[in-house]
Amino acid sequence: IALGETVTLEVTPDNFGRIAAQTAKQVLIQKLRDAEADLVYNEYKDKVFQVVTGTVRQKEGSNIIIDLGRGEALLKQREQIENEDYNIGDRLKIYILEVKKSSQTPEVLVSRSHPNFVKKLFEIEVPEIADGTVEVKGIAREPGYRTKIAVYSKESKVDCVGACVGMRGSRVKNIVQELNGEKIDIVPWSADIETFCRNAMNP
């Protein structure tokens, strides 16, 4: 053996029986679970109020477990769209409501019925909303049936409703498709409440 080399020796400590080995195994497994939980928490804690994509993994009663790739999310019944049917293997866009850190795996709570889910879908589809040219002033939603979204353009040359609708309705159609046919009314916002009400009630 030369100076600086590493020599491996097998050492069996006294009293290192089956129980001690099992205890060591449990400690290692728990440490691995804790490390995985930290990874999941750190992955999603900064994505609260954002839209992500996942795959339906399983149903637990009325709740849906969604695979996010790294970790999983819980879609509770009250956050589901009433007339949607969720099947194992379906890919869904979901809105992250909350990420809770617990002693077990972190809980990622998500929604498809929240009004801001529709708002985020518009931010993804409409560059003018993403860059701040068009602002979403308000949103009202009956999940699965109808959403009314009020928009306002900060630049007179930009048509706020037209920007959200897109060429031949392409932008809003993508959102309607994601929401399985939910009707979407895009309303021009006005500081004058009477004008705004008239706009909102137009068919």
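Residues numbered from 1 in each chain as written. Predicted model: local features only at pLDDT ≥ 70, side-chain atom pairs only at ≥ 80, totals over all residues. Heavy atoms only, no water.

Another aspect to go through is the sheet that holds strand 7 (residues 146-153). Taken in spatial order, the three strands of this open sheet run 6-7-8, and their pairing is mixed. Looking at the sheet topology across the chains shown, the edges are occupied by strand 6 (134-142) and strand 8 (183-188). On average, adjacent strands in this sheet sit at an angle of 20° to one another, irrespective of strand direction. Relative to strand 8, strand 7 runs parallel, the two sharing six bridges. Bridging across to strand 8, Ile 149 finds its partner in Ile 186. Where helix 2 (residues 115-125) meets the sheet, its contacts fall on strand 6, strand 7 and strand 8, and the angle it forms with strand 6 comes to roughly 140°. (Pairing = 2+ DSSP bridges. Helix = DSSP H or I, 4+ residues; strand = E, 2+ residues; numbered from the N terminus. Axes fitted to C-alpha atoms, helices over the stretch in contact; angles between N-to-C directions. Contact = heavy atoms within 4.5 Å.)

Among the surface-exposed residues, Ile 1, Val 7, Leu 9 and Val 11 lie close enough to one another that they form a single nonpolar patch of about 500 Å² accessible area. Relative to the elements of secondary structure, Val 7 occurs in the segment before helix 1 (18-44). (Patch = residues over 30% accessible without salt bridge, like charges linked within 9 Å, V, L, I, M, F, W, Y side chains within 5 Å. Areas by Shrake-Rupley, 256 points an atom, 1.4 Å probe, with all protein chains shown as cover. Salt bridge = Lys/Arg side-chain N within 4 Å of Asp/Glu carboxyl O.)

Moving on, we get to the pairing of strand 7. As defined by bridge partners, strand 6 adjoins strand 7 across eight bridges and the pair is classed as antiparallel. Within the sheet, the bridge partner assigned to Ile 139 lies in strand 7 and is Ile 149. In this structure, the hairpin formed by strand 6 and strand 7 is closed by a connection of three residues, where Gly 144 is found at a positive phi of approximately 90°.

Counting 37 residues, the largest nonpolar core has Ile 66 and Phe 122 as its most contacted members. When residues of this core are assigned to their parent elements, the largest contribution, five residues, is made by strand 4 (residues 91-100). Setting aside residues up to four positions removed in sequence, Phe 122 forms contacts with Ile 129, Ile 149, Cys 164, Val 172, Ile 175, Ile 184 and Ile 186. (Core = buried A, V, L, I, M, F, W, Y, C linked by side-chain atoms within 4.5 Å. Buried < 20%, exposed > 50% of the residue type's maximum accessible area, 1.4 Å probe, protein only.)

Read once around its circumference, the closed barrel built from five strands follows the order 1-2-3-5-4, with strand pairing classed as mixed. Shown here is a sheet whose adjacent strand axes are inclined to one another by a mean of 55°, direction ignored. As paired elements, strand 3 (residues 72-75) and strand 5 (residues 107-111) share three bridges and run parallel to each other. Counterpart to Leu 74 in the pairing with strand 5 is Leu 109.

Per the counting criterion, the structure on display carries two aromatic pairs. Each ring, one from Tyr 152 and one from Trp 189, has its centre 5.4 Å from the other, and the planes form 80°; the classification is edge-to-face. Placement of Tyr 152 in strand 7 and of Trp 189 in the loop between strand 8 and helix 6 (193-201) is noted, with a sequence separation of 37 residues between them. For Lys 137, the ring lying beneath its charged end belongs to Trp 189, and the centroid distance is 4.5 Å. (Phe/Tyr/Trp six-rings, centres within 6.5 Å; stacked < 30°, edge-to-face > 60°. Lys NZ or Arg CZ within 6 Å of the ring centre and 35° of its normal.)

As for its position among the elements, Tyr 41 is in helix 1. Tyr 41 gets classed as partly exposed once you look at its relative accessible area, which sits at 21%. In this view, Tyr 41 contacts Val 99, Lys 101 and Pro 106; residues no more than four positions away in its chain are not counted.

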